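This is what each chain is made of:
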Amino acid sequence: MQALSKYSIMDSIKKLIPGCSVMPYISGFDRDQLMCCSWDSFVDKESIARIIDAFVNSLDISRYGVKPVSVEGRPAYDPKSLYKLYIYGSRKGIRSSRKLAESCRVNLEVKWMLGGVEPDFRTISDFRKNNIDSLKEIFHEFNRRLSGAVEWGFSSVDGTKIQANNSKDNNFTKNKLDDRIKWLNGHTDEYLRILNEMDKQEEADEIPGELTREDLEAKLKEAQERLARYEGYQKFMEETGVSQLSITDADAKLMKNKNGFAVAYNPQTAVDSETHLIRDFQMTNQVTDHGLLESTMEEVKKAEPEKIVEVVADKGYEDTEDMVSCLENGIIPHVITDDGKDGYEIEIPYEKAEADLTSTGPEELKKALHAGQIPKAYASVIQDMKVETVRRKVVDEKPEKSSVYGSQEEMLEKAGKGYFVRDPERNLVYCPAGEILRQKCIKKNGNIRYANKNACKHCQNRNKCYKGKGEWKEIDFTKDQLQKPCKDWLKAEGNEPEETKSKEKWHYEKKKVVKFFLKPDREKTNQRMCLSEHPFGTIKRAMGATYFLLKGIRKVAGEFALFCLGYNLERAKNLLGFQKMMELMEQA
C-alpha cells in the first residue's frame, strides 16, 4: 500500500468535511485565554538579564555617591533598578531615555528586572545625569570580580573615533573662521553697493525678477549678525589659545577618521590578550594617540602593583617620553616600529643612584634607568645601555616675543614684499598674498607649523610662492622667529632676501645622559590588531554605539563606561559560562 503524505491526508479531510479549513502552520495561543504563571517563567534561564540583576543587587551603592532617598513625599525609584536598566540597555543597544522608558512598558526582561515599575524618561535621564561618575567605578567593580576567575595576559592599547553630539557646521577652526569672515565681508559689501545703487535709481526696487529693498536689507542684517558672531568666536579663540571651538559640545574636537573628518572623541581602551576583555579605558579629546600609552595603562598597573605589566600599541603611540614614563612605572611598552627598524634609541638624563635591580617598584625602576643600569625585569627589552657625556646647546638670551612691526598694516606691507611675517601675539602668519596662515601643529623639535589649505588652493599667486607637489604650503617658525623670506616670490620680483634669523646668544654645555635601545617583542605586536579591533567592532556594530548622546568629556566617559561594561558582560558570559558568572556576580 502506498504511504500517504500529510498534505494528501489534509486534502482528503477537506473533501470529506465541507467547510473545513486545515492549514499547515503552527497555531498560536488564544489571546482571550487566561494564564496563571510566574514572571520568572517569562525570562530565559540563562538570560543576560539574570546576570545583570545578580550583579547590581550585590552592589553597595552607597560607595558610588548615590544620593540618599528622601523620607517625605512620594517614594523614589530604587537606584539599583535604574542601574539595571542602563546596563541592560547598553548591552541591547537601547540607549536613549525615551526608548528605555518604553522598554519598561513592553520588554519582558526589563519588567522582570525592575519588578514592573515604569519610570518616565525624565526620571531615567536625570538619574544618569546625577550619577554619571559612578558608571566607571561600577565597570571597575565588574572587572574586579572577574579577576579571580581569569588569568590576565598583556594588554593592547588603541583608540577609536566616536562621533560627538556636535555637527561639523557647529565646529570652528581659526582657518575656517577666517574664510567665513572673508566671505561675509564680501557679501556685506555687495549688498551695500546694490542698496546704494537703488538709492540713485528711482523705482529700481520694483524691477520684476530683482531682489526688493526689503529682501536686501534682510539679507544684509543676517550677514552682519553672522559676521559679528564669527568675529566674537575668533576673538575668544585668540584670547584663550584654543585651536578649535565646538558650539554644542565644547569638549569635542574635529578629528580625521576613515570616512573623512568628524567632530568626535578619541576613547582609548586596554584590551587583555588572554580573555579579550576590556581591562580599562580612558576618554580623551586628543586628535592623535601620541603620549596616551602610560595614562591609559595607569589603572591596569594599579590593579597589579607588584607585577610588571606589558602593553602593545601601533605606530601612532611612538613617543619616546611616553615610553620612558611607562618604563619608570613598571610598564613594558611594545610599540610597533617602522619597516627596517628593530626598536627605538632612547636618551634620558643621568642621575647617580644606588638601585635594587631585582625590585619591580616604580621608584627603584626609575633610579636604575637614570643611573644607567638595566633592571632584571627589563633585561629582555633593553639593550646597549651606556652612560655618555654629550654637548648640548644652551640659549643664554632670547629676544622678546613681540612683533617687529607695530601694526597689522605694517606686517601686511612687509609680507607683500615677499615675506612670511609672524605675529606672535595672535599666533598667526601673514603670507605675501595677504592671507592668514594659522597654526597647524607643534613639531617634536619645538617648531610651529603654519598653513591655510583653502587660501593656497584658490591663490592667484600660487606659482610665485609654492611649487611643491602638495596642494598647499606649510611653513615652520621657531618660537623666536618673526619673519621668513619667500625665495621664489623675491626671485620673481628681482629682490634679495633680508637676514631673518633671530639674534639669540647661546653656548655649549656638557652633561651626562643615559642611552639605551628599546626592542619591542614582535610576537606580541603581531597580535595587536586581533585584540583591539574586535571590541571596537562589537561596540559599534552589535551594540549600535557609533555616536554619543551626552555632551562634555565627563559625561561621555560615563556613557563609554556603559559600552565597555555591556561588551564585557557578554564576552565574560561566553568565556566562563552562565553558572560561573552568576557565582561571581553574587559575591559582594
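Going by the structure above, here's the rest.
Residues numbered from 1 in each chain as written. Predicted model: local features only at pLDDT ≥ 70, side-chain atom pairs only at ≥ 80, totals over all residues. Heavy atoms only, no water.

### Re the side chain of Ser-155
Position of Ser-155 relative to the elements: it lies in strand S1 (residues 155-159). Apart from residues no more than four positions distant in its own chain, Ser-155 is found in contact with Ala-270, Val-271, Arg-279, Met-297, Val-300, Glu-310, Val-311 and Val-312. (Helix = DSSP H or I, 4+ residues; strand = E, 2+ residues; numbered from the N terminus. Contact = heavy atoms within 4.5 Å.)

### Considerations on the packing of aromatic side chains
Tallied over the entire structure, the rule returns twelve aromatic pairs. Ring centres of Tyr-83 and Phe-127 lie 5.0 Å apart, and the angle between their planes is 80 degrees; on these two criteria the pair is classed as edge-to-face. Here Tyr-83, found in helix H3 (residues 79-92), pairs with Phe-127, found in helix H6 (residues 121-130); they are 44 residues apart in sequence, far enough to count as distant. Take Tyr-83: its relative accessible area is 2%, and that puts it in the buried class. The exposure class of Phe-127 is buried, given its relative accessible area of 11%. With centroids separated by 5.9 Å and ring planes inclined at 85 degrees, the aromatic side chains of Tyr-450 and Phe-477 adopt a geometry described as edge-to-face. With a gap of 27 residues between them, Tyr-450 in strand S16 (residues 448-451) and Phe-477 in strand S17 (residues 474-477) connect regions that are remote in the sequence. As far as burial versus exposure is concerned, Tyr-450 and Phe-477 are alike and both buried. A connected cluster of aromatic rings, assembled from ring pairs, spans Phe-139, Tyr-265, Phe-281, Phe-548, Phe-560 and Phe-563. The side chain of Lys-176 reaches across the aromatic face of Phe-172, ending 5.5 Å from its centre. (Phe/Tyr/Trp six-rings, centres within 6.5 Å; stacked < 30°, edge-to-face > 60°. Buried < 20%, exposed > 50% of the residue type's maximum accessible area, 1.4 Å probe, protein only. Lys NZ or Arg CZ within 6 Å of the ring centre and 35° of its normal.)

### Considering helix H12 (residues 362-370)
Of all the residues in H12, the buried ones are Leu-365, Ala-368, Leu-369 and His-370. Where H12 ends, the next residue or the one after it, Gly-372, has phi of about 80 degrees, a positive value.

### Some thoughts on the pairing of S1
With five of five residues buried, S1 lies mostly within the body of the structure. The side-chain alternation of S1 yields two buried faces, one formed by Ser-155, Val-157 and Gly-159 and the other by Ser-156 and Asp-158. Bridge count for S1 against strand S9 (residues 309-313) is two bridges, and the pairing is parallel. Bridge pairing links Ser-156 to Val-312 in S9. Sheet topology note: the S1/strand S7 (residues 268-272) ladder contains five bridges and is antiparallel. Along S7, the bridge assignment pairs Gly-159 with Gln-268. (Pairing = 2+ DSSP bridges.)

Interpretation note: all reported values are geometric properties and have no functional meaning in isolation.
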